[in-house]
Amino acid sequence: AQSVTQLDSHVSVSEGTPVLLRCNYSSSYSPSLFWYVQHPNKGLQLLLKYTSAATLVKGINGFEAEFKKSETSFHLTKPSAHMSDAAEYFCVVSSGYALNFGKGTSLLVTP
Amino acid sequence: SQTIHQWPATLVQPVGSPLSLECTVEGTSNPNLYWYRQAAGRGLQLLFYSVGIGQISSEVPQNLSASRPQDRQFILSSKKLLLSDSGFYLCARGREALNEQFFGPGTRLTVL
């Protein structure tokens, strides 16, 4: 079965500093991996996706993630945090018809 | 454009009352549709998915049910709500070729 583990439930950064949200995956074959963002009381928005093309994936709003098979990781990064980045972030692995979500990482951005 | 509508946006219901949440999709035909629940402090849990009219698969046994009376309509129901049914309910549409899903704005359900 495909699953993901988000290693931090909360991450706090200062505005203008780098963001790192960690995700490890477990999959018996080459997975499709995603990062979604959810702002308070809103639906989910796709940030980026990995589908076995380039291992470094660029997404919206300056986010990117690198697929590392040797480490079974798919960490999300951004060089410089903005106040509007404060939200809940979900690492997700595709399992056939369905998506398996991590428990989420809450990103706090302080001035 | 492809849009997902969910109604209502928020709902407060007493324990034991019935429930009906509606999801409608525009701009696509024969989509795969999904219902997820997000409880406080937890990730999303897949409840039901549907690959076509009248075709429903349940992922988690519980007091909820789903129906798909029309191609672009997906309904989540309950005959008697429990306190544990409180949460944020999200409808999603699948995009098979890329294994990704697009989500509606969600319904916040509070059971008192």
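Scroll up to find the structure this text is about.
These notes cover the structure that comes with them. Counting of residues starts from 1 at the beginning of each chain's written sequence and follows it residue by residue. Going through the entries in the order they are written, you letter the chains from A and number the ligands from 1. For this predicted model, a pLDDT threshold of at least 70 governs which residues receive local features, and a threshold of 80 or more governs which side-chain atom pairs are given and counted, while totals over whole chains, interfaces and linings are taken from all residues. Hydrogens and water molecules were not included; the side-chain quantities draw on all heavy atoms of the structure.

### Quick word on the pattern of salt bridges
Part 1: What makes a salt bridge here is a side-chain nitrogen of Lys or Arg within 4 Å of a carboxyl oxygen of Asp or Glu, nothing more. Here the structure, examined in full by the defined rule, presents 5 salt bridges over all chains.
Part 2: Across the salt bridge formed by Lys58 of chain A and Glu64 of chain A, the nearest N and O atoms sit 2.8 Å from each other.
Part 3: Overall, Glu64 of chain A belongs to the partly exposed group, its relative accessible area being 23%.
Part 4: The closest approach of N and O atoms between Asp71 of chain B and Arg68 of chain B, which form a salt bridge, is 3.3 Å. Only protein chains enter the area calculation, which uses a 1.4 Å probe; residues under 20% of their type maximum are buried, those over 50% are exposed, and those in between are partly exposed.

### Description of the packing of aromatic side chains
Residues and elements named next belong to chain A.
Part 1: Aromatic rings from Phe, Tyr and Trp, taking only the six-membered ring of Trp, are treated as a pair when their centres fall within 6.5 Å; an angle between ring planes under 30 degrees marks them as stacked, one over 60 as edge-to-face, and anything in between as tilted. Under the criterion given, the structure shown has 14 aromatic pairs over all chains.
Part 2: An angle of 15° between the planes, with centres 4.1 Å apart, marks the rings of Tyr50 and Phe67 as stacked. With a gap of 17 residues between them, Tyr50 in strand S6 (residues 44-50) and Phe67 in strand S8 (residues 64-68) connect regions that are remote in the sequence.
Part 3: On the basis of relative accessibility, which here comes to 8%, the residue Phe67 falls in the buried class.
Part 4: Aromatic pair Phe90 and Phe101: ring centres 6.1 Å apart, planes at 80°, arrangement edge-to-face. Of the two residues, Phe90 sits in strand S10 (residues 87-95) while Phe101 sits in strand S11 (residues 98-101), which places them 11 residues apart along the sequence. A helix here means a DSSP run of H or I that spans at least four residues, while a strand means a run of E at least two residues long, and both kinds are numbered starting from the N terminus.

### Comments concerning the sheet that holds strand S3 (residues 19-26) of chain B
Residues and elements named next belong to chain B.
Part 1: The sheet built from 4 strands is open, its strands ordered S1-S3-S8-S7 with antiparallel pairing. Both outer strands of the open sheet, strand S1 (3-7) and strand S7 (64-70), are each paired with one neighbouring strand and no more. Mean inter-strand twist for the sheet, computed between neighbouring axes without regard to direction, equals 20°.
Part 2: Bridge count for S7 against strand S8 (residues 73-78) is 5 bridges, and the pairing is antiparallel. Following the sheet pairing, Ser67 is matched in S8 by Ile75. For two strands to be treated as a pair, DSSP must find no fewer than two bridges joining them. Lines are fitted to the C-alpha atoms to define the axes, a helix being fitted only along its stretch in contact, and any angle between axes, read from their N-to-C directions, falls within 0 to 180 degrees.

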